[in-house]
Amino acid sequence: MLRTHALAAAALLASGAVSSYADSAASSLEARVEGLLGRMTLEDKIGQLNLVPFSPTFSRAELENGRVGAMLAVTKPHEIVEMQSAARRARHGIPLLIGLDVLHGLRTIFPVPIAEVASFDPELAKETARHAGREAAAIGINWTFAPMADLARDPRWGRMNEGFGEDPLLGRIFTRARVDGFHEAGLATTLKHFAGYGSALGGRDYDMGTIAPGDLFDSYLPPFKAGIEAGSDSVMSAFLSLNGIPVSANPAMLTGILRDRWRYDGFVVSDWNSVGELLEHGVAKDPAEAARKALLAGVDMDMYSGFYAAHLSDEVKAGRVPEAAVTEAARRVLRSKLRMGLFERPDPDTSRVDPAPPGPEARELARRAARDSAVLLRNDGVLPLPPGKRVAVIGGLGQSQRDLVGPHAAMFRAEDGVSVLEGLRRRGGGTFSYVQGCDVFCESDAGFAAAEQAAREADLVLAVLGETNEMSGEAASRARLTLPGRQGEFLDRLVATGKPVVLVIIAGRPIELGPVINRLGAALMAWFPGTEGGNAIADLLFGDADPAGKLPVSWPRTVGQVPIPYDLPPTGRPHDPSNHYTYRYADEAITPLFPFGFGKTYTEWALSDVELPKRRLSREGRLEVGATLRNIGSRPGRQVVQLYVRQLHASRSRPGRQLKAFEKVAVAPGEARKVALRVPVSELGFHLDDGTYVVEPGRYQVFLGTASDAQLAGEFEVLP
Ligand code: BGC
């Protein structure tokens, strides 16, 4: 049975009770919004601001009385239809937003977002978002709590995996790509968690953050701005207290920046109970004050706390909240609902109880995404694997389907997933034994000996180590970045057998590897690769596909170095090994283990003929850098040519280098490709503390290479 809102509207028409908003062709969006608002009581408007979690026993009367505007975590089509029908029976028949965290898939799970950023291929991220969106839309979900647009410099913060890493340009590009992809599937999007959530002190989730105004505008906000320019329907206000004020009660952030500066006309939804948490933050003494402060700051919709539903009406009646503020919040919600065509949408097919299992097309996309996301960290020539080897697959993650998908795996079913062992066996081309040795928590060495024995009997060890789904994600901060439990010691023992060891890392963040990295045959960062992870890893290990991923985050040597992003400004005492009193650690190198943008391939490369045709540029001009990229190895490969810029002298200290452009190219062995990277001079500026954007004239350096340690390519000048 397919019922549509259009049919419902037709029925209303016939009954003579039609409202002008139902007739999408008849009037402009704003007229429809106002037409609807004009008929609504204060209670009706407050209802639109109320986002509630679903439960099978949820009061239908609340919906029928128009006291709910949106619902989350309802995932069965028949329940969604039931909720929507109840909402439509309310006086104004306003459909619900049905929200879910569809981050990297619904039933088919793609690599976690940070992994896809490692592909340096925004089209890929758009495609996977579109697919995830379609799976979600098919069961009636119309709103995703994604993408996460939070810059993350500290891998201790478990949510790093949900975003794009440490670089604002990648943040802008990938946030936009995901918004576009979800929109193409008909899903409304949420940019979260506005803003600065990734700055939590010590990487401790929910902790306060401190961000200097220039850094906020230059680094943390641009991905949100890009998402808003792409038309994101909503923005989620963060949990944290930033620069002393909980963001969910901060008018300067939610109104000053979002509305006044950026002219954002969608709505702001709180994070889960972040209105309620204003009590714990100590900025509201009771729920009524929390509701008042959040609404007046610019939180339009309250997720979970119920404080709006319980208190806003009284706050208005007591004159503490102007009714116009409630009307404005409802206006934003209704505008988004109308703009996304919610009133005209068909209900999902209720004969489907569950989303369909991944079909061949979904699997192919998931496999490609996982291949393109993996980063080859080390290879002493062991990879690609030659045929006919006896491979001992070892480690707690070797046979796992569930832990290959990572957090927020929506409606994933373990039976859909392909483990590493299964991927290898399906591919064939060797013999593959499996011994676990120890599980991911690895609290005991009881199984080490059996694993060492298996290693000795094999030609090569494939150690699949790392984190479970729960070890990264929300509330999964880690004080240590080592392999969990005794896995590090276990890896040392495997290496000590003398057999070549290939390490496959399954994790949502960089992992501290220690000295063992130099004794590994190879190391592949697979992140949480998703449903097709095992097949993709087999493709890469055997060279059926070539690794081409690049790190979207600097990989620390040890946790004591973090945060260690690549784009910090220089110090007054740049590192000088011959001078003690310069930038250094007494007990560790001052550089990360692997720089941002780094990733090896199976072939060798040479970058030559670097040219900057124009070296004197006006502010309206464009920097152009050309070069020749040659594949000088014997295998085909893909490489990401990266362009970094540094402004040498400015009114404030500028980053030592900043990614400004990149191009991913495929080159056959022995062949060369010309690359041409272009950056508008308007992209070379920065923000003053008051948010003003300036491009200052002066000397700039360009670095071109295949990682952030790229070589100096030349200098240019921006004219006054
Ligand atoms: C998370 C959000 C998420 C929300 C709804 C919160 O705990 O911080 O990212 O969208 O829950 O599931």
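These remarks concern the structure in this document. Note that the structure is a prediction, hence the values are computed from the model and not measured.

Here's the deal with the side chain of Asn-631
1) Next: Mapped onto the elements of the fold, Asn-631 is located in strand S19 (residues 622-631).
2) Next: Note on Asn-631: relative accessible area 0%, which makes it buried.
3) Next: In terms of polar contacts, Asn-631 uses its side chain to reach the side chain of Thr-603, at 2.6 Å.
4) Next: With residues near it in sequence (within four places) discarded, Asn-631 still touches Thr-603, Glu-604, Trp-605, Pro-636, Gly-637, Val-667, Ala-668, Pro-669, Gly-670 and Glu-671.

Observations concerning the environment of Leu-513
1) Next: Examined against the element boundaries, Leu-513 turns out to sit in the loop between strand S15 (501-506) and strand S16 (522-525).
2) Next: Overall, the relative accessible area of 10% leaves Leu-513 in the buried class.

Section: the site of the ligand
1) Next: Taken together, Leu-72, Asp-101, Phe-145, Arg-159, Lys-192, His-193, Met-236, Phe-239, Asp-271, Trp-272, Met-303 and Glu-474 are the residues near the ligand.
2) Next: Separating an oxygen atom of the ligand from a side-chain N or O atom of Asp-101 is a distance of 2.4 Å.
3) Next: The contact in question runs from an oxygen atom of the ligand to an N or O atom on the side chain of Arg-159, over 2.7 Å.
4) Next: The fraction of the free accessible surface of the ligand (310 Å²) that becomes covered by protein chains is 90%.
5) Next: Residue composition of the shell around the ligand, grouped by class: six nonpolar, one polar and five charged.

Quick notes on the pairing of strand S20 (residues 637-647)
1) Next: Taking burial as the measure, the 11 residues of S20 include nine buried ones, the bulk of the element.
2) Next: Direction of pairing for S20 relative to strand S21 (residues 658-667): antiparallel, over a ladder of nine bridges. Residue pairing for S21: Gln-642 is matched across the bridge by Phe-662.
3) Next: Bridge analysis of S20 against strand S25 (residues 698-705) gives six bridges, and the strand direction is antiparallel. By the bridge assignment for S25, Arg-646 is matched with Gln-701.

Thoughts on the sheet that holds S21
1) Next: Spatially, five strands are ordered S18-S26-S25-S20-S21 in an open sheet, and the strand pairing comes out mixed. Edge positions in the sheet fall to strand S18 (616-617) and S21, since each of these pairs with one other strand and no more.

Observations regarding the side chain of Ser-248
1) Next: Relative to the helices and strands, Ser-248 resides in the loop between strand S8 (245-246) and helix H11 (251-261).
2) Next: A polar atom in the side chain of Ser-248 sits 3.0 Å from the backbone oxygen of Ala-238.

A short note on the packing of aromatic side chains
1) Next: Scanning the entire structure with this criterion turns up 16 aromatic pairs.
2) Next: Note on Tyr-206 and Phe-239: the rings are 5.4 Å apart at their centroids and 80° apart in plane angle, and the pair reads as edge-to-face. With Tyr-206 in the loop between strand S5 (190-194) and helix H9 (213-220) and Phe-239 in the loop between strand S6 (234-237) and strand S7 (241-242), this pair connects stretches of sequence that are 33 residues apart.
3) Next: A relative accessible area of 37% places Tyr-206 in the partly exposed class.
4) Next: Between the aromatic rings of Tyr-566 and Phe-596, the centroid separation amounts to 4.3 Å while the plane-to-plane angle is 15°, which identifies the pairing as stacked.

Some thoughts on helix H14 (residues 307-317)
1) Next: Considered for burial, the residues of H14 that qualify are Phe-307, Tyr-308, Leu-312, Ser-313, Glu-315 and Val-316.
2) Next: As for H14, its buried residues are in contact with helix H3 (42-48), helix H12 (278-281), helix H13 (287-297), strand S10 (302-303) and helix H15 (323-339).
3) Next: Phi turns positive one or two residues past the end of H14, at Gly-319, with a value near 80°.

Describing the nonpolar core
1) Next: In terms of nonpolar packing, the biggest core is built from 164 residues, with Trp-143, Phe-194, Leu-462 and Trp-527 touching the most fellow members.
2) Next: Among the nonpolar cores identified, the runner-up in size contains 26 residues, and Val-68, Met-83, Ala-129 and Ile-141 belong to it.

Criteria and thresholds
- Residues numbered from 1 in each chain as written.
- Predicted model: local features only at pLDDT ≥ 70, side-chain atom pairs only at ≥ 80, totals over all residues.
- Heavy atoms only, no water.
- Helix = DSSP H or I, 4+ residues; strand = E, 2+ residues; numbered from the N terminus.
- Buried < 20%, exposed > 50% of the residue type's maximum accessible area, 1.4 Å probe, protein only.
- Polar contact = N/O pair within 3.5 Å; in protein donor to acceptor, adjacent residues only side chain to side chain.
- Contact = heavy atoms within 4.5 Å.
- Near = heavy atom within 4 Å.
- Areas by Shrake-Rupley, 256 points an atom, 1.4 Å probe, with all protein chains shown as cover.
- Nonpolar A, V, L, I, M, F, W, Y, C, P; charged D, E, K, R; others polar.
- Pairing = 2+ DSSP bridges.
- Phe/Tyr/Trp six-rings, centres within 6.5 Å; stacked < 30°, edge-to-face > 60°.
- Core = buried A, V, L, I, M, F, W, Y, C linked by side-chain atoms within 4.5 Å.

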